[in-house]
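The chain contents come next:
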Amino acid sequence: MTETGSPGSGQDIVIVSGPSGSGRSTAIRALEDQGFEAIDNLPLSLFPRLFAGPPIEHPVVVGIDPRNREFDVERLLGHIADVGAATGRDPVLVYLDCDASTLIRRFSETRRRHPLSPHETPLVGIGRETALLAPLRARADILIDTSAMTPHDLRAEMARHFATEEPQGDMAVTLHSFSYKRGIPRGVDMIVDVRFLKNPHWQAALRPKDGRDAEVAAFVQADPAYAPFVARLMDFLGFLLPAYRAEGKSYFGLGLGCTGGRHRSVVLVEAIAKTLAEEGWRVSTRHRDLSSASAEAPVGAGMGLA
């Protein structure tokens, strides 16, 4: 993976691409909020000209995708190499990946036509675009699977890679709570099963609540196994996170799973995140399987399939 400096550290060039519906517009806007100059759907012929003059004063994010009639993967890869040689700053290629079933659902939700199959089904266009972009995906410096992400998740992911301010070290930590019934979340480096703890689900008064509720947290924390487990896990993370950071890793994802993904795993994620933040780590949380009422819409839904 290409190492990227902070946006204020000199000339930063980021290229965002990926299939329609994967969240390109969200990713580009996220970097714009980080201080990048944002240019979307740029014709390929203009890409080298952006950097032909004096050094740029602000970092730039460029969105390039098959909607453009000039689009050609090999030509784009050649331009990336040329710009790197001319500026002395290798562009960072971010590729947003997404599985076909999720893309189909997003097009169905927005009722938009696929740009590569305007008179056919979205599935046809998705297949064409996936094949067309395969060399770009293989070349990517940063590959992000947005299949299970909300817009908030994607914005946070972009911030982790291109944050303007760095706390302790430059590695971001994300804690995921999840339900084993719905499978292991994508994008995590380590999974911990917390189903050995007493389950608030079997308490009628606690069942409708989730692990962010003080009563639920107190119930889980009262389990005799809770305190020694958390102590051992924090000792392990105290060894593991600095070692990963020293190795140059920029992101670490830890998944904590329980049966329903609403009580025990949420309590653990909230508690561990608080401790890590107090220790100076840049930490964020994601509760994948809380009720839909508290969840955001999928990436691409209601905000443009780009």
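Before going into details, it helps to say that this report is about the structure given with it. Residues take numbers from 1 onward in each chain, read along the sequence in its written order. Note on the predicted model: pLDDT of at least 70 is required for a residue's local features to be given, and 80 or more for side-chain atom pairs to be given and counted; whole-chain, interface and lining totals, by contrast, use all residues. Computation of side-chain values covers all heavy atoms of the structure but excludes hydrogens and water.

## Topic: the packing of aromatic side chains
Working step 1: Between the rings of Phe, Tyr and Trp (Trp by its six-membered ring), a pair exists once the centres lie within 6.5 Å; its type follows the angle of the planes, with under 30 degrees stacked, over 60 edge-to-face, and the other angles tilted. Summed over all chains, the structure comprises five aromatic pairs.
Working step 2: When the ring of F36 is compared with that of F162, the centres are 6.1 Å apart and the planes differ by 80 degrees; the resulting orientation is edge-to-face. In this pair, F36 sits in the loop between α1 (24–33) and β2 (37–40) while F162 sits in helix α5 (residues 151–162), placing the two residues 126 residues apart along the sequence.
Working step 3: Given the relative accessible area of 2%, F162 is considered buried.
Working step 4: Charges are assigned to positions over rings by a cutoff of 6 Å between ring centre and Lys NZ or Arg CZ, combined with an angular limit of 35 degrees from the ring normal. Sitting over the face of the ring of Y180, R195 holds its NZ or CZ atom 3.8 Å from the ring centroid. Runs of H or I in DSSP of at least four residues are treated as helices and runs of E of at least two as strands, each being numbered from the N terminus. Burial classification: accessible surface area is computed with a 1.4 Å probe over protein chains only, and a residue below 20% of its type maximum counts as buried, one above 50% as exposed, and the rest as partly exposed.

## Quick word on the pattern of salt bridges
Working step 1: We define a salt bridge as a side-chain nitrogen of Lys or Arg found within 4 Å of a carboxyl oxygen belonging to Asp or Glu. Tallied over the entire structure, the rule returns ten salt bridges.
Working step 2: Of the charged contacts in the structure, one is a salt bridge between D12 and R89, with a shortest N-O distance of 2.8 Å. Linking D12 in the segment before β1 (13–17) with R89 in the loop between α2 (73–87) and β4 (92–97), this pair joins segments that are 77 residues apart in sequence.
Working step 3: In this structure R89 comes out as partly exposed when scored by relative accessible area, which is 26%.
Working step 4: The partner of D210 in a salt bridge is R212, and the shortest N-O contact between them spans 2.9 Å.
Working step 5: Linked through salt bridges whose partners overlap, the residues forming this network are R182, R288 and D289.

## Observations concerning unusual backbone geometry
Working step 1: Although it is not a glycine, N41 adopts a positive phi angle of roughly 55 degrees.
Working step 2: Tracing the chain through its elements places N41 in the loop between β2 and β3 (60–63).
Working step 3: With a relative accessible area of 29%, N41 lands in the partly exposed category.

## A few points about the sheet that holds strand β6 (residues 172–179)
Working step 1: Taken together, four strands build an open sheet; the order of strands is β7-β8-β6-β9 and the sheet is parallel. Strands at the two margins of the open sheet, each flanked by one partner only, are β7 (190–193) and β9 (282–287). Neighbouring strand axes in the sheet, compared pairwise and without regard to direction, differ in orientation by 20 degrees on average.
Working step 2: In this sheet, β9 lies alongside β6 in parallel orientation, the contact comprising six bridges. Bridge pairing in β9 places V173 opposite V283.
Working step 3: Any two residues having at least one pair of non-hydrogen atoms within 4.5 Å are treated as being in contact. Structural elements are reduced to axes, namely lines fitted to C-alpha atoms, with helices fitted over the stretch in contact, and the angle between N-to-C directions of any two is expressed from 0 to 180 degrees. Against the sheet, helix α7 (residues 226–247) makes contact with β6, β7 and β8 (251–258), and its axis sits at roughly 160 degrees relative to β8, the strand it touches most. What makes two strands pair is DSSP finding at least two bridges between them.

## Some thoughts on the pairing of β6
Working step 1: Taking burial as the measure, the eight residues of β6 include eight buried ones, the bulk of the element.
Working step 2: Side-chain alternation along β6 places A172, T174, H176 and F178 on one buried face and V173, L175, S177 and S179 on a second face that is also buried.
Working step 3: When β6 meets β8, the two strands line up parallel, connected through eight bridges. Its bridge partner lying in β8, H176 is registered against G255.

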